[in-house]
Amino acid sequence: MSVALHRTKYAPWLTITVVILLTSIMSLMVGVADLSLPDVVQAVLHGGDYDFVVNHYRLPRLFLAIGVGAGLGLSGALVQGVIRNPLASPDLIGISAGAGFVATLVLTISPDAPLYVLPLAAMIGGMATGISLLIITKSTNLTPARMALVGIAISAFLASGIDYLLVVHPIEINTAMVWLTGSLWGRDWEQVPIIWITLAILLPLTLWLAWRLDVVGLGDETAISLGVDLDRVQSVALLCAIALASISVAIAGTISFVGLLAPHLARLIFGHHHKSLLVGSSLIGALLVLAADTIARGIQPPIELPAGVLTSIIGAPYFIFLLQRYKGW
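Residues numbered from 1 in each chain as written. Predicted model: local features only at pLDDT ≥ 70, side-chain atom pairs only at ≥ 80, totals over all residues. Heavy atoms only, no water.

Trainee: Please clarify how the overall build of the chain should be interpreted in this entry.
Mentor: Helices and strands together make up the secondary structure of the chain, namely 13 helices and 0 strands. For the chain, the C-alpha radius of gyration of 20 Å lies close to 20 Å, the compact-globule estimate for 329 residues. On the principal axes, the C-alpha backbone points of the chain span a range of 65 × 65 × 35 Å. Counting across all 329 residues of the chain, residues that qualify as buried make up 50%. Of all intrachain contacts in the chain linking residues separated by at least 6 positions in sequence, the fraction that spans at least 24 positions is 77%. (Helix = DSSP H or I, 4+ residues; strand = E, 2+ residues; numbered from the N terminus. Rg over C-alpha atoms; globule rule 2.2 N^0.38 Å. Buried < 20%, exposed > 50% of the residue type's maximum accessible area, 1.4 Å probe, protein only. Contact = heavy atoms within 4.5 Å.)

So, in structure tokens, the structure goes:
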């Protein structure tokens, strides 16, 4: 009996790991040049005819898709844990919009800026927006629900700013739109350490917060009575979420709805305890972005759709479903 329970407990983790592994292999095979599994193995181990395609184009995109997806999924789980609203995500509270606005500003005003400037600008924009929201929340003593509403208002304001920039500077609209819809096109090994170092630092910190977020979910008064420093936990969790979302958006653009979808799917599969939820959200976010990037690259080569288009196709209807399900919030 105990062996059966043990197997049942770890079956979801094993399943999601295997699915990510299989999707990773598929992502190395799919594209303008359709490769067989032996071709991929040969290129990874010994180079050869497909060395550039596999090792310098598809492999870094594979690691970036997993890292960016994990960052967005983990960020979404943290935001929902702090705000205690199942409709909250980095997209909806303005972090992605802040990164997108500053990046678009750079693209439109200085299109010839060095390549490293765009992700740096996006990261600054996302973190500035998130920290501003945190300051407003703390200074006005907003409830988590009202904090979400303020974030939505900030997001709408910044989105209108992006639209204005695109209208005023139509020549640069193509470059900006590709970035704003979210894509891993043109990324290489230079961006890989950024997202993975971020995850290596912040994932352990978020796991330290896990049981505290479980207690926070019981309500402010209960959390305080059980000895949890509510302000500190919420501030640290939100700062981690802001950093993860900002860096992910800086690398891949605004890939929508991953931060909303991943935590919900993780709750269905791994349960509501944050220790499992945070790791599960990271894995599911990684799978969502990896699958979207693979499909976007392989659906009609050589044309490549932005990965964010595919996540939006899935995420928008699911968001409407959540609005109906949680209409009492």
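Trainee: I would appreciate a short explanation of the packing of aromatic side chains in the present structure.
Mentor: One pair of aromatic rings is described through two measures. These are the centre distance and the angle between the planes. Counted according to the given criterion, the structure contains 2 aromatic pairs. Here the aromatic rings of W13 and F270 are separated by 4.0 Å at their centres, their planes lie at 25 degrees, and the arrangement is stacked. In this pair, W13 is assigned in helix α1 (residues 2-29) and F270 in helix α11 (residues 258-270), connecting sequence segments 257 residues apart. On the accessibility criterion, F270 (12% relative accessible area) is buried. Judged by centre distance (5.8 Å) and plane angle (40 degrees), the rings of F63 and W189 are tilted. Of the two residues, F63 sits in helix α3 (residues 51-83) while W189 sits in the loop between α7 (173-181) and α8 (192-216), which places them 126 residues apart along the sequence. Note on F63: relative accessible area 33%, which makes it partly exposed. For W189, a relative accessible area of 35% puts it in the partly exposed group. (Phe/Tyr/Trp six-rings, centres within 6.5 Å; stacked < 30°, edge-to-face > 60°.)

Trainee: For this particular structure, what's the right way to read unusual backbone geometry?
Mentor: Glycine aside, a negative phi is what most residues show, and trans is what most peptide bonds show. One non-glycine residue, F257, adopts positive backbone phi at about 75 degrees. For F257, the position within the fold is in the loop between α10 (230-252) and α11.

Trainee: Honestly, the pattern of salt bridges in this entry has me stumped. Any pointers?
Mentor: Should their charged atoms come close, side chains of opposite charge can pair. Tallying each qualifying case throughout the model produces 2 salt bridges. Here R61 makes a salt bridge to D293, at a shortest N to O gap of 2.5 Å. Of this pair, R61 sits in helix α3 while D293 sits in helix α12 (residues 274-298), placing them 232 residues apart in sequence. Relative accessible area serves as the criterion here: at 0%, R61 is assigned to the buried category. In this structure, D293 and R297 form a salt bridge, with 3.1 Å as the shortest nitrogen-oxygen distance. Here the residue D293 and the residue R297 both occupy positions in helix α12, the gap between them amounting to 4 residues, near one helical turn. Accessibility expressed as a relative area gives 3% for D293, which makes it buried. (Salt bridge = Lys/Arg side-chain N within 4 Å of Asp/Glu carboxyl O.)

Trainee: Teacher, can you tell me more about helix α5 (residues 117-140) here?
Mentor: For an α-helix, the turn length of 3.6 residues means that residues three or four places apart are oriented alike. The first and last C-alpha atoms of α5 sit 34 Å apart over 24 residues, in line with the 34 Å expected at 1.5 Å per residue. Within α5 the residues assigned to the buried category are L118, A121, A122, G125, G126, T129, G130, L133, L134 and T137. Two residues or fewer after α5 comes N141, characterised by a positive phi angle close to 55 degrees. (Expected span 1.5 Å × (residues − 1).)

Trainee: What exactly am I supposed to notice about the environment of A153 here?
Mentor: Examined against the element boundaries, A153 turns out to sit in helix α6 (residues 144-168). Along the sequence, A153 and G298 sit 145 residues apart, while their C-alpha atoms lie 37 Å from each other.

Trainee: Explanation requested: the packing of helix α4 (residues 95-109) against α10 in the structure shown.
Mentor: Helix-helix packing is described using two parameters, namely the angle between the two axes and the distance between the axes. α10 packs onto α4 with a crossing angle of 40 degrees between their chain directions and a minimal axis gap of 9 Å. One way to sum up the angle between α4 and α10 is to call them oblique. Seen from above, α4 lies across α10 with right-handed handedness. Mapping the contact onto sequence places I95, S96 and A99 in α4 and I242, A245, S246 and V249 in α10. Looking at the contact of α4 with α10 residue by residue, the classes come out as 5 nonpolar, 2 polar and no charged. (Axes fitted to C-alpha atoms, helices over the stretch in contact; angles between N-to-C directions. Parallel < 35°, antiparallel > 145°, perpendicular 65-115°, else oblique. Left-handed = near helix turned anticlockwise from the far one by under 90°. Nonpolar A, V, L, I, M, F, W, Y, C, P; charged D, E, K, R; others polar.)

Trainee: Is there a simple way to explain the nonpolar core in this structure?
Mentor: Soluble globular proteins: nonpolar side chains tend toward being buried together. If you look at the biggest cluster of nonpolar residues, it comprises 75 residues, and the most contacted ones within it are L78, I83, L213, I255 and I284. Sorting elements by how many residues they give to this core places α3 first, with 15 residues. Excluding residues that lie within four positions of it along the chain, L78 makes contacts with T206, L213, A237, C240, A241, L244 and L278. One finds A103, L107, A122 and A250 within the second-largest nonpolar core, a separate group that totals 7 residues. (Core = buried A, V, L, I, M, F, W, Y, C linked by side-chain atoms within 4.5 Å.)

Trainee: What should I look at first to understand the environment of S27 in this one?
Mentor: Mapping S27 onto the fold places it in helix α1. Setting aside its immediate chain neighbours within four residues, S27 contacts R58, L62, L290, T294 and R297.

Trainee: Is there a simple way to think about a nonpolar patch on the surface in this case?
Mentor: A cluster of nonpolar side chains, L14, V18, L21, L22, I25, L37, V41, V44 and L45, forms an exposed patch at the surface whose accessible area comes to about 790 Å². At the level of secondary structure, the elements contributing two or more residues to the nonpolar patch comprise α1 and α2 (37-46). Per-element accounting of the nonpolar patch gives the leading share, 5 residues, to α1. Note on placement: I25 falls in helix α1. Residue class for I25 comes out partly exposed when judged on its relative accessible area of 30%. (Patch = residues over 30% accessible without salt bridge, like charges linked within 9 Å, V, L, I, M, F, W, Y side chains within 5 Å. Areas by Shrake-Rupley, 256 points an atom, 1.4 Å probe, with all protein chains shown as cover.)

Just geometry here; none of it tells us what the structure is for.
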